[in-house]
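Examination of the molecular architecture
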Amino acid sequence: MGRPVITSGLRTGYHLVRSGLFRYGGGDPERAHEAMIGWLGRLPATTRATVRAPVDVAGIRFPNRVGLAAGMDKDGTAAAAWTRFGFGFAELGTVTALPQPGNPKPRIFRAVASQGIVNRMGFNNHGAGALAETLRAKGVARGNRALGIPLGISIGKSKVTPLEGAVDDYLTSLRALAPLADYVAVNVSSPNTPGLRALQSARELAQLLSALTSEAAALSPRPVPIFVKLAPDLVGDDFAETMAAINHSAVAGVIATNTTLARDGLAPSDRGLVDEPGGLSGRPLTRRALEFVEAVAGATDRPVMGVGGIMSPADGARMFGAGATLLQIYTGFIYEGPALVRGLNELEGNP
Ligand SMILES: Cc1cc2nc3c(=O)[nH]c(=O)nc-3n(C[C@H](O)[C@H](O)[C@H](O)COP(=O)(O)O)c2cc1C
């Protein structure tokens, strides 16, 4: 059987699973998510990665270019499962220095007709220290591929920490996780922690990135590479100044994009979500994310991880065309399942 036949069978099979998943817990997306993560967390680990055109980025060897985006597995509960689905890397987190419950529920909404999700989770997580323990228990150390693929870890600011204390908050998480992460992602782009996106502005970002990259260098002679994740709503002069700050910093690369505050591209039956606070992802974000990645790739020589609205292999091909070196998916994985990972890995021209 050829690869496309297997991929199309996988897709049909997943759509059956999905109809159950979308009805699970009375249709509550968060309960379905927790059940899925719990179930995946019980699968036996495998170290056999899907090796497809391996690529070296920031000193890390990625077995393939298709990664799991942050937020799916915040506490690393299912960290051992992602290799099995064909991912070439997974970004765990976002975790914060302090454990925190996140925003009141409900806080995830499916926009099914639009193939989107609106979420305002607000970094619900058990804290950076707990993630470190979880990963140690699974045998993970930086670079050891205990789970078959490189693991990025996304860090954010604890909600109770005022913006003036943000640098120390991120540093606490970095110190806890640098011995475990293959790369660290600095999340300054979630729309769901009040004031967080202010850290994207050039002055604040320069300070934050300088503190984190210096600390990484002090912690190890081979400093953990640091990526910074941006929001697609950053435009104009602000965008140019942020990119200049990134180019002056020692970060390894950029992850673009996080969810958007815009509400374009929602189908009529999903219009009820226009006034629901939170970030929008999936198909309604596809075009904006592509434009944004193209702008980022045009403004820096550092590698870019392209994420946002990759719902099909064709979207992934366009993301590579826009200048992404690696891809990440979240909402596409919810709607299309492992067939999307496989389809992206089968892309012609995925060099
Ligand atoms: C429910 C949910 C939770 C998310 N949590 C995080 C997070 O904790 N940290 C982060 O950097 N991005 C988070 N994201 C954003 C995704 O990583 C990704 O950047 C965004 O959804 C766009 O990609 P997509 O269209 O493939 O979903 C989250 C997205 C969703 C839908």
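Residues numbered from 1 in each chain as written. Predicted model: local features only at pLDDT ≥ 70, side-chain atom pairs only at ≥ 80, totals over all residues. Heavy atoms only, no water.

**Some points on the environment of valine 307**
As for its placement among the helices and strands, valine 307 is situated in strand β12 (residues 304–307). Along the backbone, valine 307 and glutamate 164 are 143 residues apart, and their C-alpha atoms lie at a distance of 29 Å. For valine 307, the contacting residues outside a window of four places in its chain are Ala69, Ile255, Ala256, Thr257, Ala289, Met319 and Gln328. (Helix = DSSP H or I, 4+ residues; strand = E, 2+ residues; numbered from the N terminus. Contact = heavy atoms within 4.5 Å.)

**Thoughts on the sheet that holds strand β6 (residues 116–119)**
Judged by pairing direction, the sheet is antiparallel, and its three strands sit side by side in the order β5-β6-β11 without closing on themselves. Edge positions in the open sheet fall to β5 (108–111) and β11 (279–282), since each of these has one partner strand only. Strand-to-strand, the axes of this sheet are offset by a mean angle of 20°, without reference to chain direction. Pairing geometry for β6 and β11, over four bridges, is antiparallel. Within the sheet, the bridge partner assigned to valine 118 lies in β11 and is leucine 280. (Pairing = 2+ DSSP bridges. Axes fitted to C-alpha atoms, helices over the stretch in contact; angles between N-to-C directions.)

**Here we look at the UniProt feature "binding site: substrate" (unreviewed entry) in the chain**
UniProt's entry tags Lys74, Asn119, Arg120, Met121, Gly122, Phe123, Asn187, Asn192, Asn258 and Thr259 with the feature "binding site: substrate" (unreviewed entry), counted in the numbering of this structure. Mapping glycine 122 onto the fold places it in the loop between β6 and α3 (128–137). Excluding anything up to four places from it in sequence, glycine 122 contacts Gln100, Gly102, Asn103 and Asn192. Within the secondary structure layout, phenylalanine 123 lies in the loop between β6 and α3. The exposure class of phenylalanine 123 is buried, given its relative accessible area of 4%. (UniProt positions renumbered as here; feature names shortened; annotations may be inferred. Buried < 20%, exposed > 50% of the residue type's maximum accessible area, 1.4 Å probe, protein only.)

**What to know about the packing of aromatic side chains**
By the definition in use, this model includes 10 aromatic pairs. Judged by centre distance (6.1 Å) and plane angle (70°), the ring pair of tryptophan 82 and phenylalanine 333 falls under edge-to-face. Within this pair, whereas tryptophan 82 is found in the loop between β3 (66–68) and β4 (89–95), its partner phenylalanine 333 is found in helix α9 (residues 331–336), the two being separated by 251 residues in sequence. Of the two residues examined, tryptophan 82 and phenylalanine 333, each falls in the buried class. Ring plane angle 70° and centroid distance 5.3 Å describe the contact between phenylalanine 239 and phenylalanine 292, whose orientation is recorded as edge-to-face. Of this pair, phenylalanine 239 sits in helix α6 (residues 236–248) while phenylalanine 292 sits in helix α7 (residues 286–299), and the two are 53 residues apart along the sequence. For the residue pair phenylalanine 239 and phenylalanine 292, the accessibility class agrees, reading buried in each case. Positioned above the aromatic ring of phenylalanine 22, the side-chain terminus of arginine 110 is 4.0 Å from the ring centre. (Phe/Tyr/Trp six-rings, centres within 6.5 Å; stacked < 30°, edge-to-face > 60°. Lys NZ or Arg CZ within 6 Å of the ring centre and 35° of its normal.)

**Regarding the pattern of salt bridges**
For the structure on display, the rule yields 14 salt bridges. For arginine 175, the salt bridge is made with glutamate 215, and the minimal N-O distance between the two is 2.8 Å. With arginine 175 in helix α4 (residues 166–177) and glutamate 215 in helix α5 (residues 202–219), this residue pair connects regions lying 40 residues apart in the sequence. You can call arginine 175 partly exposed: its relative accessible area is 40%. Between arginine 197 and aspartate 233 there is a salt bridge; the shortest N-O distance is 2.7 Å. Taken together, the positions of arginine 197 in the loop between β8 (183–187) and α5 and aspartate 233 in the loop between β9 (226–230) and α6 put the pair 36 residues apart, joining distant regions of the chain. (Salt bridge = Lys/Arg side-chain N within 4 Å of Asp/Glu carboxyl O.)

**Quick look at the packing of α6 against α7**
Contact geometry of α6 with α7 gives a least axis separation of 10 Å together with a crossing angle of 45°. Classed by the angle they form, the pair α6 and α7 counts as oblique. Regarding α6 and α7, the two cross each other, and that crossing is right-handed. Here Phe239, Met243 and Asn247 of α6 lie close against α7, whose contacting residues are Phe292, Ala295, Val296 and Ala299. (Parallel < 35°, antiparallel > 145°, perpendicular 65-115°, else oblique. Left-handed = near helix turned anticlockwise from the far one by under 90°.)

**Regarding the sheet that holds strand β10 (residues 253–256)**
Hydrogen bonds between backbone groups are what pair the strands of a sheet, and the pairing can be parallel or antiparallel. Overall, parallel pairing links the eight strands, which are arranged β3-β4-β7-β8-β9-β10-β12-β13 in a closed barrel. Looking at each pair of strands side by side, their axes are set apart by 25° on average, direction ignored. In this sheet, β4 lies alongside β3 in parallel orientation, the contact comprising two bridges. By the bridge assignment, leucine 68 is partnered in β4 with alanine 90. Sitting on the sheet, helix α10 (residues 338–345) touches β3 and β13 (326–329), and the angle it makes with β13 is about 165°.

**A closer look at the site of the ligand**
Around the ligand sit 21 residues, and of these Ala70, Thr94, Gly282, Gly309 and Thr331 come closest. Within the contact set of the ligand, an oxygen atom lies 2.7 Å away from a backbone nitrogen or oxygen of glycine 309. With respect to the ligand, the backbone of tyrosine 330 contributes an N or O atom lying 3.1 Å from an oxygen atom. Every element with two or more residues in the shell around the ligand is listed here: β6 and β11. (Near = heavy atom within 4 Å. Polar contact = N/O pair within 3.5 Å; in protein donor to acceptor, adjacent residues only side chain to side chain.)

**Considerations on the packing of α5 against α6**
A pair of packed helices is captured by two measures, namely the crossing angle of their axes and the spacing between those axes. Across the interface, α5 lies against α6 with an axial gap of 9 Å and an inter-helix angle of 20°. Here α6 runs roughly parallel to α5, going by the angle between their axes. In the crossing of α5 with α6, the sense of the turn from one axis to the other is right-handed. Contact residues: α5 offers Ala202, Leu205, Ala206 and Leu209, while α6 offers Glu241, Thr242, Ala245 and Ile246.

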